[in-house]
Amino acid sequence: MAHQDDGSGFSRRTFIGSIGVGAAGLLAPLGAGAAAQAAREVAAGATVAVTLQINGQAHRLEVEPRWSLLHVLREVLGLTGTKPGCERGECGACTVLIDGATRNACLTLAVEVEGREIRTIEGVARPDQPSAVAQAFVDEDAFQCGYCTPGQVMAAEGLLARSPHPSPEEIRAGMSGNLCRCGAYPHILKAVERASASRRGGRP
Amino acid sequence: MLPAFAYARPGSLREALDLLKDAASAPLAGGTDLQGCMEDGVARPARLVSLAAVPELRGLEVRPDGSLRIGAATPLAELAAHPAVRQRHAALARAAASVGSPQLRNQGTLGGNLLQRPRCWYFRGDFPCARKGGGTCYAQDGRNARHAILGGGRCVMVHPSDTAPALVALDAVVQLAGPRGARRVPAGELFVGPERDVRRETVLAPGELLVEVLVPAAPPGARSGYDKARARGSFDFALVGAAVALVLRGRSVERARVVLGGVAPLPWRSRPAEQALEGRALDEGSLAAAAEAAVAGADPLAENGYKVAMTRGIVQRLLASLAAG
Ligand SMILES: Cc1cc2nc3c(=O)[nH]c(=O)nc-3n(C[C@H](O)[C@H](O)[C@H](O)COP(=O)(O)OP(=O)(O)OC[C@H]3O[C@@H](n4cnc5c(N)ncnc54)[C@H](O)[C@@H]3O)c2cc1C
Ligand code: FES
Ligand code: FES
(Lines give C-alpha, C1' and ligand atoms only; values in the text may rest on other atoms or scores of the structure.)
(Ligands and ions follow the chains in the order given, each with its own letter.)
Protein backbone atom coordinates (compact mmCIF):
# COMPACT_ATOMS: atom_id res chain seq x y z
CA MET A 1 0.00 0.00 0.00
CA ALA A 2 1.69 3.17 -1.21
CA HIS A 3 1.25 6.22 0.93
CA GLN A 4 0.57 9.59 -0.65
CA ASP A 5 1.44 12.75 1.14
CA ASP A 6 -0.81 15.58 0.04
CA GLY A 7 1.85 18.16 0.79
CA SER A 8 0.17 19.59 3.86
CA GLY A 9 2.25 17.39 6.12
CA PHE A 10 -0.83 15.41 7.08
CA SER A 11 -2.20 12.42 5.26
CA ARG A 12 -5.83 12.07 4.35
CA ARG A 13 -6.10 9.40 6.96
CA THR A 14 -7.14 10.69 10.30
CA PHE A 15 -4.34 11.47 12.57
CA ILE A 16 -5.08 10.95 16.21
CA GLY A 17 -3.02 11.69 19.25
CA SER A 18 -4.62 10.80 22.54
CA ILE A 19 -3.56 14.23 23.68
CA GLY A 20 -4.64 16.86 21.19
CA VAL A 21 -1.36 18.39 20.10
CA GLY A 22 0.22 18.81 16.69
CA ALA A 23 2.12 16.12 14.89
CA ALA A 24 5.51 17.18 16.20
CA GLY A 25 6.75 15.64 19.44
CA LEU A 26 3.97 13.12 19.75
CA LEU A 27 6.15 10.33 20.95
CA ALA A 28 8.82 10.09 23.57
CA PRO A 29 12.18 10.83 21.98
CA LEU A 30 14.41 7.81 21.52
CA GLY A 31 17.64 7.37 23.42
CA ALA A 32 18.71 6.73 26.97
CA GLY A 33 18.86 10.40 27.89
CA ALA A 34 15.25 10.98 26.85
CA ALA A 35 13.53 13.25 29.30
CA ALA A 36 10.37 11.72 30.67
CA GLN A 37 7.26 13.13 29.07
CA ALA A 38 3.62 12.17 29.06
CA ALA A 39 3.03 9.02 27.04
CA ARG A 40 1.08 9.71 23.88
CA GLU A 41 -0.04 7.44 21.16
CA VAL A 42 -1.02 6.88 17.56
CA ALA A 43 -4.36 5.16 16.95
CA ALA A 44 -4.68 2.01 14.86
CA GLY A 45 -4.92 2.89 11.17
CA ALA A 46 -3.79 6.49 11.76
CA THR A 47 -0.50 7.92 10.61
CA VAL A 48 2.08 9.91 12.48
CA ALA A 49 4.67 12.36 11.16
CA VAL A 50 8.25 11.16 11.56
CA THR A 51 11.59 12.34 10.29
CA LEU A 52 13.84 9.58 9.03
CA GLN A 53 17.57 10.19 8.46
CA ILE A 54 18.39 8.14 5.38
CA ASN A 55 21.82 8.25 3.74
CA GLY A 56 22.51 11.58 5.35
CA GLN A 57 19.26 13.19 4.25
CA ALA A 58 16.23 14.00 6.40
CA HIS A 59 12.90 12.72 5.07
CA ARG A 60 9.77 14.00 6.73
CA LEU A 61 6.85 11.69 6.11
CA GLU A 62 3.73 10.15 7.55
CA VAL A 63 3.77 6.51 8.57
CA GLU A 64 1.36 4.04 10.06
CA PRO A 65 2.86 2.32 13.11
CA ARG A 66 2.57 -1.05 11.38
CA TRP A 67 4.66 -0.06 8.35
CA SER A 68 8.04 -1.71 8.22
CA LEU A 69 11.10 0.29 7.27
CA LEU A 70 11.29 -1.97 4.20
CA HIS A 71 7.80 -0.87 3.13
CA VAL A 72 8.58 2.79 3.70
CA LEU A 73 11.89 2.67 1.82
CA ARG A 74 10.44 0.92 -1.21
CA GLU A 75 6.81 1.98 -1.44
CA VAL A 76 6.83 5.46 0.07
CA LEU A 77 10.31 6.76 -0.77
CA GLY A 78 10.99 4.76 -3.93
CA LEU A 79 14.32 3.49 -2.60
CA THR A 80 13.94 0.05 -4.16
CA GLY A 81 17.55 -1.09 -3.77
CA THR A 82 16.62 -2.74 -0.45
CA LYS A 83 14.97 -6.04 -1.41
CA PRO A 84 12.04 -7.92 0.07
CA GLY A 85 12.56 -11.68 0.45
CA CYS A 86 11.04 -13.70 3.26
CA GLU A 87 9.86 -10.63 5.22
CA ARG A 88 10.39 -12.66 8.41
CA GLY A 89 14.02 -12.08 9.30
CA GLU A 90 15.22 -15.26 7.66
CA CYS A 91 17.00 -14.22 4.45
CA GLY A 92 18.78 -10.88 4.90
CA ALA A 93 17.74 -9.47 1.49
CA CYS A 94 16.41 -6.37 3.27
CA THR A 95 19.59 -5.64 5.27
CA VAL A 96 20.23 -1.97 6.09
CA LEU A 97 22.41 -0.22 8.66
CA ILE A 98 20.84 1.50 11.66
CA ASP A 99 23.41 3.56 13.57
CA GLY A 100 26.05 1.47 11.82
CA ALA A 101 24.64 -1.95 12.82
CA THR A 102 22.99 -4.35 10.37
CA ARG A 103 19.26 -4.88 10.74
CA ASN A 104 16.49 -6.59 8.81
CA ALA A 105 14.36 -3.72 7.46
CA CYS A 106 11.42 -6.13 7.15
CA LEU A 107 11.27 -6.60 10.93
CA THR A 108 11.99 -2.96 11.79
CA LEU A 109 9.01 -0.67 12.25
CA ALA A 110 9.69 2.69 10.59
CA VAL A 111 8.25 4.56 13.57
CA GLU A 112 10.85 2.89 15.81
CA VAL A 113 13.87 4.27 13.92
CA GLU A 114 12.95 7.91 14.05
CA GLY A 115 16.06 9.98 14.63
CA ARG A 116 18.44 7.08 14.01
CA GLU A 117 21.07 7.04 11.25
CA ILE A 118 19.73 4.81 8.45
CA ARG A 119 21.98 3.69 5.56
CA THR A 120 20.76 1.77 2.55
CA ILE A 121 22.43 0.35 -0.55
CA GLU A 122 21.67 3.63 -2.36
CA GLY A 123 24.01 5.35 0.10
CA VAL A 124 26.99 3.02 -0.43
CA ALA A 125 26.79 1.81 -4.01
CA ARG A 126 26.40 4.96 -6.08
CA PRO A 127 27.37 4.04 -9.66
CA ASP A 128 29.80 6.95 -9.83
CA GLN A 129 31.25 6.30 -6.40
CA PRO A 130 30.97 2.70 -5.22
CA SER A 131 32.26 1.90 -1.75
CA ALA A 132 35.23 -0.46 -1.44
CA VAL A 133 32.77 -3.23 -0.57
CA ALA A 134 30.50 -2.61 -3.56
CA GLN A 135 33.54 -2.48 -5.88
CA ALA A 136 34.87 -5.74 -4.42
CA PHE A 137 31.57 -7.47 -5.21
CA VAL A 138 31.95 -6.38 -8.86
CA ASP A 139 35.63 -7.37 -9.01
CA GLU A 140 34.98 -10.82 -7.53
CA ASP A 141 31.80 -11.56 -9.57
CA ALA A 142 30.11 -12.06 -6.23
CA PHE A 143 26.61 -12.55 -7.61
CA GLN A 144 24.59 -14.38 -10.23
CA CYS A 145 21.02 -13.07 -10.34
CA GLY A 146 21.98 -10.23 -8.01
CA TYR A 147 18.81 -10.25 -5.93
CA CYS A 148 20.54 -10.87 -2.61
CA THR A 149 23.45 -8.53 -3.45
CA PRO A 150 22.23 -5.27 -1.87
CA GLY A 151 21.68 -7.13 1.41
CA GLN A 152 25.04 -8.91 1.13
CA VAL A 153 26.84 -5.59 0.51
CA MET A 154 25.14 -3.97 3.50
CA ALA A 155 25.95 -6.98 5.72
CA ALA A 156 29.60 -6.70 4.65
CA GLU A 157 29.60 -2.95 5.31
CA GLY A 158 28.30 -3.59 8.84
CA LEU A 159 30.81 -6.39 9.45
CA LEU A 160 33.84 -4.39 8.25
CA ALA A 161 32.79 -1.29 10.17
CA ARG A 162 32.85 -3.34 13.37
CA SER A 163 35.81 -5.52 12.49
CA PRO A 164 37.93 -4.08 9.62
CA HIS A 165 40.11 -7.17 9.17
CA PRO A 166 38.05 -10.24 10.00
CA SER A 167 39.39 -13.79 9.82
CA PRO A 168 37.75 -16.12 7.26
CA GLU A 169 35.77 -17.59 10.14
CA GLU A 170 34.57 -14.16 11.27
CA ILE A 171 33.55 -13.38 7.70
CA ARG A 172 31.44 -16.54 7.52
CA ALA A 173 29.80 -15.75 10.85
CA GLY A 174 29.30 -12.08 9.98
CA MET A 175 27.68 -12.92 6.63
CA SER A 176 25.59 -15.81 7.99
CA GLY A 177 22.35 -13.82 8.10
CA ASN A 178 22.26 -13.43 4.31
CA LEU A 179 21.04 -16.22 2.06
CA CYS A 180 21.94 -16.49 -1.63
CA ARG A 181 19.64 -18.77 -3.56
CA CYS A 182 22.13 -18.81 -6.45
CA GLY A 183 24.80 -20.16 -4.12
CA ALA A 184 27.38 -17.47 -4.91
CA TYR A 185 28.82 -17.85 -1.41
CA PRO A 186 32.49 -18.58 -2.31
CA HIS A 187 32.71 -15.39 -4.37
CA ILE A 188 30.82 -13.38 -1.75
CA LEU A 189 33.33 -14.44 0.91
CA LYS A 190 36.20 -13.52 -1.44
CA ALA A 191 34.64 -10.12 -2.07
CA VAL A 192 34.52 -9.41 1.65
CA GLU A 193 38.18 -10.46 1.96
CA ARG A 194 39.10 -8.22 -0.95
CA ALA A 195 37.23 -5.26 0.52
CA SER A 196 38.99 -5.80 3.83
CA ALA A 197 42.39 -6.04 2.11
CA SER A 198 41.76 -2.93 0.03
CA ARG A 199 41.01 -1.02 3.20
CA ARG A 200 44.24 -2.31 4.67
CA GLY A 201 45.95 -0.87 1.60
CA GLY A 202 44.60 2.54 2.58
CA ARG A 203 41.83 2.80 -0.01
CA PRO A 204 38.50 4.20 1.24
CA MET B 1 1.70 -6.20 6.17
CA LEU B 2 0.81 -6.60 9.83
CA PRO B 3 -2.79 -6.02 10.95
CA ALA B 4 -3.30 -2.42 12.14
CA PHE B 5 -2.40 -1.60 15.74
CA ALA B 6 -2.12 1.50 17.85
CA TYR B 7 1.32 2.53 19.05
CA ALA B 8 2.66 4.35 22.07
CA ARG B 9 6.21 5.19 23.03
CA PRO B 10 6.43 5.98 26.73
CA GLY B 11 9.48 7.78 28.10
CA SER B 12 9.61 6.09 31.50
CA LEU B 13 8.94 2.76 33.19
CA ARG B 14 6.00 4.22 35.08
CA GLU B 15 4.32 5.38 31.87
CA ALA B 16 4.98 2.05 30.20
CA LEU B 17 3.35 0.19 33.11
CA ASP B 18 0.37 2.57 33.00
CA LEU B 19 -0.16 1.90 29.30
CA LEU B 20 0.19 -1.86 29.84
CA LYS B 21 -2.67 -1.92 32.36
CA ASP B 22 -4.80 -2.14 29.25
CA ALA B 23 -5.01 -5.90 28.57
CA ALA B 24 -5.06 -5.42 24.79
CA SER B 25 -1.58 -3.86 24.85
CA ALA B 26 1.69 -5.73 24.39
CA PRO B 27 5.26 -4.56 25.01
CA LEU B 28 7.44 -4.18 21.91
CA ALA B 29 11.18 -4.67 22.42
CA GLY B 30 13.13 -5.63 19.27
CA GLY B 31 9.95 -7.06 17.79
CA THR B 32 11.77 -9.94 16.07
CA ASP B 33 9.52 -12.51 17.74
CA LEU B 34 6.40 -10.45 18.37
CA GLN B 35 5.94 -9.44 14.73
CA GLY B 36 6.14 -13.07 13.62
CA CYS B 37 3.52 -13.95 16.24
CA MET B 38 1.27 -11.17 14.93
CA GLU B 39 1.80 -12.33 11.36
CA ASP B 40 0.81 -15.86 12.41
CA GLY B 41 -2.20 -14.66 14.43
CA VAL B 42 -0.74 -16.06 17.67
CA ALA B 43 -0.66 -12.55 19.14
CA ARG B 44 -3.31 -9.95 18.34
CA PRO B 45 -2.42 -6.87 20.37
CA ALA B 46 -4.57 -3.79 19.74
CA ARG B 47 -1.70 -1.58 20.85
CA LEU B 48 2.06 -1.94 20.97
CA VAL B 49 3.86 -0.18 23.77
CA SER B 50 7.39 0.53 22.54
CA LEU B 51 10.14 -0.03 25.09
CA ALA B 52 12.66 1.89 22.95
CA ALA B 53 12.62 5.07 25.04
CA VAL B 54 12.30 3.59 28.53
CA PRO B 55 15.64 4.42 30.20
CA GLU B 56 15.12 1.97 33.11
CA LEU B 57 15.34 -0.97 30.67
CA ARG B 58 18.70 0.03 29.20
CA GLY B 59 22.32 -0.35 30.18
CA LEU B 60 24.77 -3.12 30.95
CA GLU B 61 26.90 -2.53 34.02
CA VAL B 62 29.50 -4.49 35.89
CA ARG B 63 28.99 -3.61 39.54
CA PRO B 64 31.87 -3.17 41.99
CA ASP B 65 31.22 -6.65 43.44
CA GLY B 66 31.62 -8.20 39.97
CA SER B 67 27.93 -8.88 39.42
CA LEU B 68 26.16 -7.79 36.22
CA ARG B 69 23.07 -5.66 35.82
CA ILE B 70 21.62 -6.02 32.34
CA GLY B 71 18.67 -3.90 31.26
CA ALA B 72 15.98 -6.05 29.60
CA ALA B 73 16.16 -4.00 26.38
CA THR B 74 19.90 -4.61 25.91
CA PRO B 75 20.50 -5.93 22.39
CA LEU B 76 21.95 -9.45 22.28
CA ALA B 77 24.87 -8.25 20.12
CA GLU B 78 25.95 -5.87 22.88
CA LEU B 79 25.83 -8.65 25.43
CA ALA B 80 27.77 -11.04 23.19
CA ALA B 81 30.53 -8.47 22.58
CA HIS B 82 30.90 -7.15 26.14
CA PRO B 83 34.45 -7.97 27.38
CA ALA B 84 33.49 -8.60 31.03
CA VAL B 85 30.55 -10.83 30.05
CA ARG B 86 32.77 -12.82 27.68
CA GLN B 87 35.49 -13.21 30.25
CA ARG B 88 33.56 -13.93 33.43
CA HIS B 89 30.12 -15.14 32.31
CA ALA B 90 31.07 -16.96 29.13
CA ALA B 91 27.88 -19.06 29.08
CA LEU B 92 25.79 -15.92 28.68
CA ALA B 93 28.05 -14.30 26.07
CA ARG B 94 28.20 -17.53 24.05
CA ALA B 95 24.44 -18.08 24.29
CA ALA B 96 23.70 -14.51 23.17
CA ALA B 97 26.19 -14.88 20.29
CA SER B 98 24.43 -18.04 19.11
CA VAL B 99 20.95 -16.50 18.72
CA GLY B 100 19.78 -16.12 15.12
CA SER B 101 21.79 -14.01 12.66
CA PRO B 102 23.95 -10.90 13.22
CA GLN B 103 21.00 -8.76 12.09
CA LEU B 104 18.65 -10.40 14.60
CA ARG B 105 21.19 -10.00 17.41
CA ASN B 106 21.52 -6.28 16.67
CA GLN B 107 17.76 -5.93 17.08
CA GLY B 108 16.67 -8.67 19.47
CA THR B 109 16.92 -7.97 23.19
CA LEU B 110 17.69 -10.11 26.22
CA GLY B 111 14.19 -9.59 27.66
CA GLY B 112 12.54 -10.52 24.36
CA ASN B 113 14.75 -13.58 24.10
CA LEU B 114 13.58 -14.88 27.49
CA LEU B 115 9.93 -14.07 26.78
CA GLN B 116 9.63 -15.24 23.17
CA ARG B 117 6.82 -17.65 22.32
CA PRO B 118 7.33 -21.29 21.29
CA ARG B 119 8.27 -22.18 17.72
CA CYS B 120 6.17 -25.38 17.55
CA TRP B 121 4.70 -25.49 14.01
CA TYR B 122 1.26 -26.47 15.29
CA PHE B 123 1.24 -23.58 17.78
CA ARG B 124 2.36 -21.10 15.09
CA GLY B 125 0.16 -22.72 12.47
CA ASP B 126 -3.57 -22.95 12.05
CA PHE B 127 -4.20 -25.51 14.81
CA PRO B 128 -6.33 -24.94 17.91
CA CYS B 129 -3.68 -26.65 20.05
CA ALA B 130 -3.59 -27.01 23.83
CA ARG B 131 -1.32 -23.97 24.23
CA LYS B 132 -3.94 -21.89 22.41
CA GLY B 133 -6.74 -23.17 24.63
CA GLY B 134 -7.72 -26.26 22.64
CA GLY B 135 -7.76 -29.83 23.93
CA THR B 136 -4.97 -31.40 21.91
CA CYS B 137 -1.22 -31.20 21.58
CA TYR B 138 -1.00 -32.09 17.88
CA ALA B 139 2.73 -32.72 18.03
CA GLN B 140 2.29 -35.67 20.37
CA ASP B 141 1.11 -37.91 17.52
CA GLY B 142 2.04 -35.60 14.64
CA ARG B 143 5.30 -34.30 13.25
CA ASN B 144 7.53 -34.03 16.28
CA ALA B 145 11.15 -34.09 15.13
CA ARG B 146 11.81 -30.73 16.82
CA HIS B 147 9.91 -31.46 20.01
CA ALA B 148 10.57 -32.41 23.62
CA ILE B 149 12.29 -35.51 24.97
CA LEU B 150 11.97 -34.37 28.60
CA GLY B 151 9.20 -32.82 30.69
CA GLY B 152 6.51 -32.95 27.98
CA GLY B 153 3.10 -34.24 28.94
CA ARG B 154 0.22 -31.98 27.96
CA CYS B 155 2.36 -30.04 25.49
CA VAL B 156 5.63 -31.22 23.96
CA MET B 157 6.91 -27.91 22.57
CA VAL B 158 10.50 -26.99 23.39
CA HIS B 159 11.65 -23.73 24.91
CA PRO B 160 13.40 -21.87 22.08
CA SER B 161 15.60 -19.43 24.01
CA ASP B 162 19.39 -19.76 23.96
CA THR B 163 19.99 -17.30 26.79
CA ALA B 164 17.47 -18.84 29.22
CA PRO B 165 19.53 -21.99 29.99
CA ALA B 166 22.64 -19.82 30.42
CA LEU B 167 20.94 -17.51 32.90
CA VAL B 168 19.53 -20.43 34.89
CA ALA B 169 22.99 -22.03 35.00
CA LEU B 170 24.55 -18.75 36.21
CA ASP B 171 21.97 -18.42 39.04
CA ALA B 172 20.69 -15.14 37.59
CA VAL B 173 17.71 -13.28 39.03
CA VAL B 174 15.20 -11.25 37.03
CA GLN B 175 13.60 -8.06 38.26
CA LEU B 176 9.94 -7.63 37.29
CA ALA B 177 7.71 -4.58 37.66
CA GLY B 178 3.96 -4.49 37.32
CA PRO B 179 0.76 -2.79 38.36
CA ARG B 180 1.11 -4.38 41.83
CA GLY B 181 4.73 -3.40 42.32
CA ALA B 182 8.13 -4.94 41.79
CA ARG B 183 9.41 -8.44 42.51
CA ARG B 184 12.50 -10.53 42.01
CA VAL B 185 12.37 -14.02 40.59
CA PRO B 186 15.29 -16.45 40.21
CA ALA B 187 15.76 -17.27 36.50
CA GLY B 188 15.12 -20.91 37.35
CA GLU B 189 11.62 -20.01 38.62
CA LEU B 190 10.68 -17.70 35.74
CA PHE B 191 9.55 -20.48 33.45
CA VAL B 192 6.33 -22.50 33.66
CA GLY B 193 6.00 -26.09 32.44
CA PRO B 194 2.83 -27.48 30.84
CA GLU B 195 1.80 -29.47 33.91
CA ARG B 196 1.47 -26.18 35.80
CA ASP B 197 -0.11 -24.09 33.02
CA VAL B 198 -0.19 -25.13 29.38
CA ARG B 199 -1.19 -21.65 28.18
CA ARG B 200 1.89 -19.68 29.23
CA GLU B 201 5.65 -20.07 29.38
CA THR B 202 6.57 -17.72 32.24
CA VAL B 203 5.25 -16.46 35.58
CA LEU B 204 4.89 -12.89 34.23
CA ALA B 205 1.45 -11.55 35.12
CA PRO B 206 -0.55 -9.46 32.62
CA GLY B 207 0.88 -5.95 32.54
CA GLU B 208 4.19 -6.96 34.08
CA LEU B 209 7.51 -5.99 32.51
CA LEU B 210 10.87 -7.65 32.80
CA VAL B 211 13.08 -4.73 33.84
CA GLU B 212 16.55 -6.18 34.32
CA VAL B 213 18.57 -9.31 34.76
CA LEU B 214 21.07 -9.62 37.61
CA VAL B 215 23.91 -12.09 37.27
CA PRO B 216 25.91 -12.77 40.44
CA ALA B 217 29.69 -12.35 40.38
CA ALA B 218 31.58 -15.40 39.18
CA PRO B 219 33.27 -16.96 42.25
CA PRO B 220 36.96 -17.92 42.13
CA GLY B 221 37.37 -21.12 40.11
CA ALA B 222 34.23 -20.46 38.05
CA ARG B 223 34.01 -21.57 34.41
CA SER B 224 30.97 -21.60 32.19
CA GLY B 225 29.99 -22.20 28.61
CA TYR B 226 27.15 -22.72 26.15
CA ASP B 227 26.96 -24.99 23.14
CA LYS B 228 24.18 -25.87 20.75
CA ALA B 229 23.40 -28.22 17.88
CA ARG B 230 21.50 -26.78 14.90
CA ALA B 231 20.06 -28.29 11.74
CA ARG B 232 22.18 -25.93 9.61
CA GLY B 233 25.46 -24.18 10.20
CA SER B 234 24.51 -20.57 9.43
CA PHE B 235 21.80 -19.78 11.97
CA ASP B 236 18.93 -21.67 13.53
CA PHE B 237 17.19 -22.46 16.79
CA ALA B 238 18.82 -25.09 18.99
CA LEU B 239 17.89 -28.71 18.37
CA VAL B 240 19.75 -29.19 21.64
CA GLY B 241 21.39 -26.46 23.69
CA ALA B 242 23.42 -26.86 26.87
CA ALA B 243 24.65 -24.34 29.41
CA VAL B 244 27.11 -25.45 32.07
CA ALA B 245 28.49 -23.42 34.97
CA LEU B 246 31.11 -24.99 37.22
CA VAL B 247 33.01 -23.91 40.29
CA LEU B 248 36.29 -25.80 40.56
CA ARG B 249 38.43 -26.20 43.63
CA GLY B 250 41.73 -27.58 42.47
CA ARG B 251 40.78 -30.36 40.07
CA SER B 252 37.55 -31.15 41.82
CA VAL B 253 34.11 -29.82 40.88
CA GLU B 254 32.69 -28.02 43.89
CA ARG B 255 29.44 -26.92 42.26
CA ALA B 256 27.84 -27.71 38.90
CA ARG B 257 24.87 -26.40 36.99
CA VAL B 258 23.78 -28.20 33.85
CA VAL B 259 20.80 -26.69 32.04
CA LEU B 260 19.45 -27.87 28.69
CA GLY B 261 17.59 -25.96 25.98
CA GLY B 262 15.64 -27.26 22.99
CA VAL B 263 14.70 -30.53 24.69
CA ALA B 264 11.89 -29.59 27.11
CA PRO B 265 9.05 -27.04 27.37
CA LEU B 266 11.22 -24.98 29.71
CA PRO B 267 14.97 -24.62 30.36
CA TRP B 268 15.72 -28.03 31.81
CA ARG B 269 17.98 -28.16 34.84
CA SER B 270 19.50 -31.62 35.02
CA ARG B 271 20.23 -32.41 38.65
CA PRO B 272 21.38 -35.95 37.82
CA ALA B 273 24.07 -34.49 35.53
CA GLU B 274 25.10 -32.01 38.23
CA GLN B 275 25.37 -34.80 40.80
CA ALA B 276 27.51 -36.84 38.42
CA LEU B 277 30.03 -33.98 38.45
CA GLU B 278 30.00 -32.59 41.97
CA GLY B 279 32.79 -33.83 44.21
CA ARG B 280 34.63 -35.44 41.31
CA ALA B 281 37.52 -34.45 39.08
CA LEU B 282 36.66 -33.32 35.56
CA ASP B 283 37.96 -36.40 33.78
CA GLU B 284 36.82 -38.73 31.06
CA GLY B 285 34.81 -40.82 33.51
CA SER B 286 32.85 -37.98 35.10
CA LEU B 287 32.24 -36.33 31.73
CA ALA B 288 30.72 -39.49 30.32
CA ALA B 289 28.70 -40.08 33.48
CA ALA B 290 27.31 -36.54 33.38
CA ALA B 291 26.42 -36.83 29.68
CA GLU B 292 24.58 -40.06 30.38
CA ALA B 293 22.83 -38.61 33.42
CA ALA B 294 21.66 -35.58 31.40
CA VAL B 295 19.26 -37.80 29.45
CA ALA B 296 18.02 -39.75 32.46
CA GLY B 297 14.27 -40.15 32.11
CA ALA B 298 14.22 -38.99 28.48
CA ASP B 299 11.08 -40.14 26.72
CA PRO B 300 11.46 -39.44 23.02
CA LEU B 301 8.53 -39.17 20.61
CA ALA B 302 8.25 -40.95 17.25
CA GLU B 303 10.57 -38.61 15.32
CA ASN B 304 12.98 -37.12 17.86
CA GLY B 305 14.92 -40.08 19.26
CA TYR B 306 18.06 -38.53 17.76
CA LYS B 307 17.91 -35.81 20.42
CA VAL B 308 18.86 -38.28 23.14
CA ALA B 309 22.23 -39.05 21.57
CA MET B 310 22.63 -35.41 20.52
CA THR B 311 22.09 -34.21 24.10
CA ARG B 312 24.72 -36.63 25.39
CA GLY B 313 27.11 -35.44 22.72
CA ILE B 314 26.57 -31.72 23.30
CA VAL B 315 26.91 -32.05 27.09
CA GLN B 316 30.08 -34.11 26.75
CA ARG B 317 31.62 -31.75 24.17
CA LEU B 318 30.90 -28.69 26.30
CA LEU B 319 32.27 -30.31 29.48
CA ALA B 320 35.40 -31.39 27.61
CA SER B 321 36.01 -27.83 26.43
CA LEU B 322 35.54 -26.54 29.99
CA ALA B 323 37.91 -29.21 31.32
CA ALA B 324 40.52 -28.08 28.80
CA GLY B 325 40.33 -24.61 30.33
C1 LIG C 1 14.66 -16.07 11.69
C2 LIG C 1 14.71 -16.06 13.20
C3 LIG C 1 15.66 -16.84 13.86
C4 LIG C 1 15.72 -16.82 15.26
N5 LIG C 1 16.66 -17.61 15.89
C6 LIG C 1 16.70 -17.63 17.24
C7 LIG C 1 17.66 -18.46 17.92
O8 LIG C 1 18.51 -19.12 17.30
N9 LIG C 1 17.65 -18.48 19.28
C10 LIG C 1 16.76 -17.74 20.01
O11 LIG C 1 16.79 -17.80 21.25
N12 LIG C 1 15.84 -16.94 19.40
C13 LIG C 1 15.80 -16.86 18.04
N14 LIG C 1 14.87 -16.07 17.41
C15 LIG C 1 13.84 -15.38 18.20
C16 LIG C 1 14.08 -13.90 18.51
O17 LIG C 1 14.65 -13.22 17.43
C18 LIG C 1 14.97 -13.69 19.71
O19 LIG C 1 14.51 -14.51 20.75
C20 LIG C 1 15.02 -12.26 20.19
O21 LIG C 1 15.96 -12.16 21.25
C22 LIG C 1 13.69 -11.72 20.69
O23 LIG C 1 13.91 -10.45 21.26
P24 LIG C 1 13.06 -9.16 20.81
O25 LIG C 1 13.59 -8.03 21.58
O26 LIG C 1 13.06 -9.02 19.34
O27 LIG C 1 11.63 -9.60 21.33
P28 LIG C 1 10.17 -9.07 20.97
O29 LIG C 1 9.71 -9.72 19.72
O30 LIG C 1 10.11 -7.59 21.04
O31 LIG C 1 9.37 -9.66 22.22
C32 LIG C 1 9.14 -11.04 22.42
C33 LIG C 1 8.01 -11.19 23.44
O34 LIG C 1 8.41 -10.72 24.72
C35 LIG C 1 7.61 -9.61 25.14
N36 LIG C 1 8.56 -8.68 25.77
C37 LIG C 1 9.71 -8.20 25.21
N38 LIG C 1 10.41 -7.49 26.12
C39 LIG C 1 9.69 -7.51 27.27
C40 LIG C 1 9.90 -6.96 28.59
N41 LIG C 1 11.00 -6.26 28.89
N42 LIG C 1 8.96 -7.19 29.52
C43 LIG C 1 7.85 -7.91 29.24
N44 LIG C 1 7.61 -8.45 28.02
C45 LIG C 1 8.52 -8.26 27.05
C46 LIG C 1 6.91 -9.11 23.92
O47 LIG C 1 5.66 -8.55 24.21
C48 LIG C 1 6.77 -10.38 23.10
O49 LIG C 1 5.66 -11.12 23.51
C50 LIG C 1 14.81 -16.03 16.01
C51 LIG C 1 13.88 -15.23 15.33
C52 LIG C 1 13.82 -15.23 13.95
C53 LIG C 1 12.81 -14.36 13.26
S1 FES D 1 13.10 -9.86 3.76
FE2 FES D 1 13.92 -9.24 5.64
S3 FES D 1 15.09 -10.96 6.24
FE4 FES D 1 14.09 -11.70 4.46
S1 FES E 1 23.00 -13.86 -6.50
FE2 FES E 1 21.05 -14.72 -6.80
S3 FES E 1 20.30 -14.86 -4.79
FE4 FES E 1 22.34 -14.35 -4.46
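Refer to the preceding data block for the structure.
A quick note: this is a predicted structure, and the numbers were derived from the prediction, not measured. (Residues numbered from 1 in each chain as written. Chains lettered and ligands numbered in written order. Predicted model: local features only at pLDDT ≥ 70, side-chain atom pairs only at ≥ 80, totals over all residues. Heavy atoms only, no water.)

Visitor: I'm lost on empty space enclosed by the protein in this one. Help?
Guide: Over the atoms rolls a probe the size of a water molecule, and in doing so it shows where empty space is left. Residues and elements named next belong to chain B. Tallied over the full model, the rule gives one cavity of 30 Å³ or more. Reported here for the largest cavity is a volume of approximately 70 Å³. Taken together, 14 residues form the lining of the largest cavity, with C120, C129, R131, C137 and C155 sitting closest to its centre. By residue class, the composition of the lining of the largest cavity is eleven nonpolar, two polar and one charged. (1 Å grid on protein atoms, 1.4 Å probe; cavity = no way out; pocket = protein on both sides within 12 Å on 5 of 7 lines; lining within 4 Å. Points joined across faces, edges and corners; volume = space filled by probe spheres on them. Nonpolar A, V, L, I, M, F, W, Y, C, P; charged D, E, K, R; others polar.)

Visitor: Would you mind showing me how to read the environment of G56 of chain A here?
Guide: By secondary structure assignment, the location of G56 of chain A is in the loop between strand 2 (48–54) and strand 3 (57–63). Residues G56 of chain A and E117 of chain A, spaced 61 residues apart in sequence, show a C-alpha to C-alpha distance of 7.6 Å. (Helix = DSSP H or I, 4+ residues; strand = E, 2+ residues; numbered from the N terminus.)

Visitor: Looking at this structure, how should I read the site of ligand 1?
Guide: The environment of ligand 1 is formed by 35 residues, the closest being P27, G31, T32, L34 and T109 of chain B. Mapping the residues adjacent to ligand 1 onto the chains of the assembly identifies chains A and B. Between ligand 1 and G30 of chain B there is a distance of 2.8 Å, counted from an oxygen atom to a backbone nitrogen or oxygen. Measuring from an oxygen atom of ligand 1, one finds a backbone N or O atom of G100 of chain B at 3.1 Å. Contact with the protein chains hides 95% of the accessible area of ligand 1, taken as 980 Å² for the molecule alone. Listing elements by their share of the shell around ligand 1, those giving two or more residues are helix 7 (110–115) and strand 8 (209–215) of chain B. When residues of the shell around ligand 1 are assigned to their parent elements, the largest contribution, three residues, is made by helix 7 of chain B. Looking at side-chain class alone, the shell around ligand 1 contains 15 nonpolar, twelve polar and eight charged residues. (Near = heavy atom within 4 Å. Polar contact = N/O pair within 3.5 Å; in protein donor to acceptor, adjacent residues only side chain to side chain. Areas by Shrake-Rupley, 256 points an atom, 1.4 Å probe, with all protein chains shown as cover.)

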